[in-house]
Amino acid sequence: MFPSIFSNQTHEVTNQMGIQLKKGERFNLSKTSPSLTKVAIALGWEIATQQDLSNPNQQSCDIDASVFALGADGKIPDERYFVFYNNSQSPDGAIAHSGDNQTGQTQGDDETIYVDLEKVTAAVEEMVFVVTIHDAQAKHQNFSQIRNAFIRLYDRQTDSELARYDLTEGFSDETAVEFGRLYKKDAAWRFQAVGQGYKAGLQSFVDKYNSEIQLPEKPAQRTVELPNLPIPEHSHKSQKAIALDKKLEEKAPHIFNLAKKADISLKKANLTNHNAQVALCLDISGSMSSLYSSGKIQRLAEKILALGCRFDDNAAIEIFLFGVNPHNPGEMSIDNFSNFIHHILQQYPLEGGTYYGKVMKEIRNFYFPDARGSRRYAPIKGDRPVYVMFVTDGETADESESKQQLQWSSYEPIFWQFMAIGKSQKDVKSKGVRGWLARSVASDFSFLEQLDQMGSRYLDNADFFSLEDPEHIADEELYDLLTAEYPHWVKSARIKNLLP
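Asks: Provide a residue-level description of the overall build of the chain, including the pertinent values.
Replies: When helices and strands are tallied, the chain shows 14 helices and 18 strands. Pairs at least 24 residues apart make up 77% of the contacts formed inside the chain by residues separated by at least 6 positions. With the model as given, the accessible surface of the chain reaches about 21400 Å², and the carbon-plus-sulfur share is 47%.

Asks: Explain the packing of aromatic side chains residue by residue, including any values.
Replies: Counted by the stated rule, this structure contains 24 aromatic pairs. Judged by centre distance (6.4 Å) and plane angle (55°), the rings of phenylalanine 320 and tyrosine 367 are tilted. Note that phenylalanine 320 is positioned in strand E14 (residues 316-322) and tyrosine 367 in helix H9 (residues 356-367), a separation of 47 residues in sequence. By the burial criterion, phenylalanine 320 is buried, and tyrosine 367 matches it. Relative to phenylalanine 447, the ring of tyrosine 356 lies with its centre 6.2 Å away and its plane at 35°, an arrangement referred to as tilted.

Asks: Can you break down the sheet that holds strand E4 (residues 63-70) residue by residue, with the values?
Replies: Taken together, 6 strands build an open sheet; the order of strands is E2-E12-E11-E8-E4-E5 and the sheet is antiparallel. Unpaired on one side and paired on the other, strand E2 (26-28) and strand E5 (82-83) mark the two borders of the sheet. Taken together, the 3 bridges between E2 and strand E12 (residues 188-198) define a ladder with antiparallel strand orientation. Within the sheet, the bridge partner assigned to asparagine 28 lies in E12 and is arginine 190.

Asks: An account of the sheet that holds strand E6 (residues 95-97) is needed here, citing residue identities and associated values.
Replies: The 6 strands are arranged E1-E10-E9-E3-E7-E6 in an open sheet whose pairing can be described as mixed. Bordering the open sheet on either side are strand E1 (19-21) and E6, each of which pairs with just one other strand. Direction aside, the axes of adjacent strands within the sheet are offset by 15° on average. Where E1 meets strand E10 (residues 161-166), 3 bridges bridge the pair, whose relative direction is parallel. Within E10, the residue paired with glutamine 20 across the bridge is arginine 164.

Asks: With reference to specific residues and values, describe the packing of helix H7 (residues 296-311) against helix H13 (residues 475-482).
Replies: One can describe the packing of H7 onto H13 by two numbers: an axis separation of 12 Å at closest approach and a directional angle of 60°. With respect to H13, the axis of H7 lies oblique. The hand of the H7/H13 crossing is right-handed. On the side of H7, the interface is formed by Leu300, Lys303, Ile304, Ala306 and Leu307, while H13 contributes Asp475, Leu478, Tyr479 and Leu482.

Asks: How would you explain the nonpolar core if you had to name every residue and give the values?
Replies: One finds Ile255, Leu280, Phe311, Ile341, Tyr387, Leu482 and Tyr486 to be the most contacted residues of the largest nonpolar core, which totals 62 residues. Ranked by the residues each element gives to this core, the list is headed by H7, at 9 residues. Setting aside anything within four residues of it in sequence, one finds isoleucine 255 in contact with Leu248, Glu302, Leu305, Ala306, Cys309 and Phe337. Ala65, Met127, Phe143 and Phe205 belong to the second largest nonpolar core, which has 57 residues in total.

Asks: Hey, could you go over helix H8 (residues 340-347) for me, with residue numbers and the actual values?
Replies: The complete set of buried residues in H8 reads Phe340, Ile341, Ile344 and Leu345. Mapping the buried residues of H8 onto a view down its axis gives an arc of 130°, with all of them on the same face. As for H8, its buried residues are in contact with strand E13 (277-283), helix H6 (289-293), H7, E14 and strand E15 (326-333).

Asks: Explain the environment of aspartate 283 to me, and be specific about the residues and the numbers.
Replies: Positionally, aspartate 283 belongs in strand E13. Measuring from C-alpha to C-alpha, the distance between aspartate 283 and leucine 321 comes to 6.0 Å, with 38 residues separating the pair along the chain. Apart from residues no more than four positions distant in its own chain, aspartate 283 is found in contact with Met288, Tyr292, Phe322, Thr354, Val391, Thr392, Asp393 and Gly394. Within the local environment of aspartate 283, its side chain forms a polar contact with the side chain of threonine 392, the two groups lying 2.7 Å apart.

Asks: Mind laying out the side chain of glutamate 302, listing which residues take part and the relevant values?
Replies: Along the chain, the position of glutamate 302 falls in helix H7. For the buried glutamate 302, no salt bridge is present, and the opposite-charge side chain at shortest range is arginine 299, 6.9 Å distant. Setting aside residues no more than four positions away along its own chain, glutamate 302 makes contact with His254, Ile255, Leu258, Met332 and Phe337.

Asks: Now, about the pairing of strand E18 (residues 462-467): what can you tell me, with residues and values included?
Replies: Summarising burial for E18: 6 of the 6 residues are buried, a large majority. What you see with E18 is no split at all: Ala462, Phe464 and Ser466 on one side and Asp463, Phe465 and Leu467 on the other are buried throughout. Pairing of strand E17 (residues 414-421) with E18, which is carried by 6 bridges, proceeds in the parallel orientation. Residue pairing across strands places isoleucine 421 opposite leucine 467, the latter belonging to E18.

Asks: Explain the pattern of salt bridges residue by residue, including any values.
Replies: Note that side chains of opposite charge can pair when their charged atoms are close. In this structure the tally under the stated criterion is 26 salt bridges. Arginine 147 is paired through a salt bridge with glutamate 46; the nearest N and O atoms lie 3.3 Å apart. Remark: glutamate 46 occurs in strand E3 (residues 38-47) and arginine 147 occurs in strand E9 (residues 146-155); sequence separation between them is 101 residues. Take glutamate 46: its relative accessible area is 22%, and that puts it in the partly exposed class. Aspartate 480 is paired through a salt bridge with lysine 268; the nearest N and O atoms lie 3.0 Å apart. Of this pair, aspartate 480 sits in helix H13 while lysine 268 sits in helix H5 (residues 253-268), and the two are 212 residues apart along the sequence.

Asks: Which residues make up the environment of arginine 364, and what are the values?
Replies: Inspection of the secondary structure puts arginine 364 in helix H9. In the structure, arginine 364 is positioned 50 residues away from isoleucine 414 in sequence and 8.3 Å away in space, judged by C-alpha atoms. Those residues in contact with arginine 364 that lie beyond four places of it in its chain are Pro369, Ala371, Gly373, Ser374, Arg376, Gln405, Trp408, Ser409, Glu412 and Trp416.

How each quantity is defined
Per chain, residue numbering runs from 1 following the sequence as it is written. Reporting of local features is limited, given that this is a predicted model, to residues whose pLDDT is at least 70; pairs of side-chain atoms are given and counted only at 80 or more, and all residues count toward the totals for whole chains, interfaces and linings. Only heavy atoms go into the side-chain values, all of them from the structure, while hydrogens and water stay out. Elements are defined by DSSP. Helices are runs of H or I of four residues or more, strands are runs of E of two residues or more, and each kind is numbered from the N terminus. Contact definition: two residues touch when any of their heavy atoms are within 4.5 Å. Per-residue and other accessible areas follow the Shrake-Rupley method at a 1.4 Å probe size, with only the shown protein chains counted as cover for residues. Think of it this way: a Phe, Tyr or Trp ring, Trp meaning its six-membered ring, pairs with another when their centres are within 6.5 Å, and the plane angle makes it stacked under 30 degrees, edge-to-face over 60, tilted otherwise. The buried label applies to any residue whose accessible area, calculated with a 1.4 Å probe on protein chains only, is under 20% of its type's maximum; exposed applies above 50%, and partly exposed to all values in between. Whether two strands pair comes down to DSSP finding at least two bridges between them. To obtain an axis, a line is fitted to C-alpha atoms, over the contacting stretch when the element is a helix, and the angle between two such axes runs from 0 to 180 degrees between their N-to-C directions. Here is the rule for angles: anything less than 35 degrees is roughly parallel, anything more than 145 is roughly antiparallel, 65 through 115 is roughly perpendicular, and the remaining ranges are oblique. Should the near helix be turned anticlockwise from the far one by less than a right angle, the crossing is left-handed, and should it be turned clockwise, the crossing is right-handed. What is meant by a nonpolar core is a set of buried Ala, Val, Leu, Ile, Met, Phe, Trp, Tyr and Cys residues, joined one to another through side-chain atoms within 4.5 Å. Our arc is simply the arc of the directions from the helix axis toward the C-beta atoms. Two N or O atoms form a polar contact when they lie within 3.5 Å of each other; inside protein one atom must be a possible hydrogen donor and the other a possible acceptor, and for residues adjacent in sequence the pair counts only when both atoms belong to side chains. By the counting rule applied here, Lys and Arg register as positive and Asp and Glu as negative, while His and the ends of each chain are not counted. A carboxyl oxygen of Asp or Glu within 4 Å of a side-chain nitrogen of Lys or Arg is what we treat as a salt bridge.

Shown next, in the form of structure tokens:
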């Protein structure tokens, strides 16, 4: 239980200032405060003082903070894991709500979510914090009338602020905002500043995370017609997918077996029948030599081809190479995958340098030629997304260009999955005492981590993990990693009008 939190008192002062986050940036709680167990997520806002007194419909602005505790499938495991003004505590006792502040006229925190990380059930991997204006349509209210909104995390035992995100976006007719998400990755709790606005109400989020719940009315009767948010991919295979399975079983049984393993991860991520173009981008710098000669890159490419067969019924993936220069040798398909990597290396020998930005520009120009791989500051909508698997073993020589390319591409329906190969402090397989010793002498792919956490993007369009050896991980585990962040991007890309 949380003994004295169910009140409308605000929490105004902290002992120290935390890290100031920008939209899209992440904060690793477990790394910064390893002993942290009890954390508070406080949300605050102010109602703009300008009132239109001639409008008889204008009333007090009732803003609600809510949290959805989600499982690996992106759904709440039980309706009681939707914590809000009418359900103040989760069944595992890990999450509690401070109560409903109906005015927003207090200074400091308006509503707070209290989380005991030690009590969070294993069925919960993510918590999404949203703020909605109650009865917004009927009252003609939206977030243009809200100012100084923020979300902050603080240690409940010391009152020390850990991180803070101030919403500086200029919202107009949005009636809901996803402030942030607290999620578990590599056994560590992390927080991401989201700041995504929606023209929706609380019931729309309920429909998104569990369609069976109907919100109870607040004391006053209110009826609001609520729009729907995009729903997950359909869970049954299409006729095209069934036909492709037969073709794979006949022509490429090895790829078919890999695709069946990928199916498990795709189902967990609600991506069955998801349609996307897949590209594999491979580092051909000289340091990759042993990975190519041992056949490890060929076998990795086959695993990505299997994923591509699930995303695209043409049973092919586009291949890009980069060293000093970018190259596009064409498609790898179920017709030519055997020894494909060996053949293209005869045409494109290993090079003495690594430049991410050059090949990122090449890939953008290939799929979205209107910008010619250059700057873009307005979103462009595509019929389907592009999923890029980006494989490297070293840092780039063009960091500035790489950052620019990632930022510009955030306005395009393209997702970058970065994977580093080599001893790394971020190796997902380094656990226990031996893992700690390995990480202590490992290389640090700090720039890739920067790209993963980079702010100032239209949309968070990248993820990163590393492996010392791509064959030291089970195929099923690899596919889980490849679909860890991508489903969140797909949902956001639809809402931000990058995808239909």
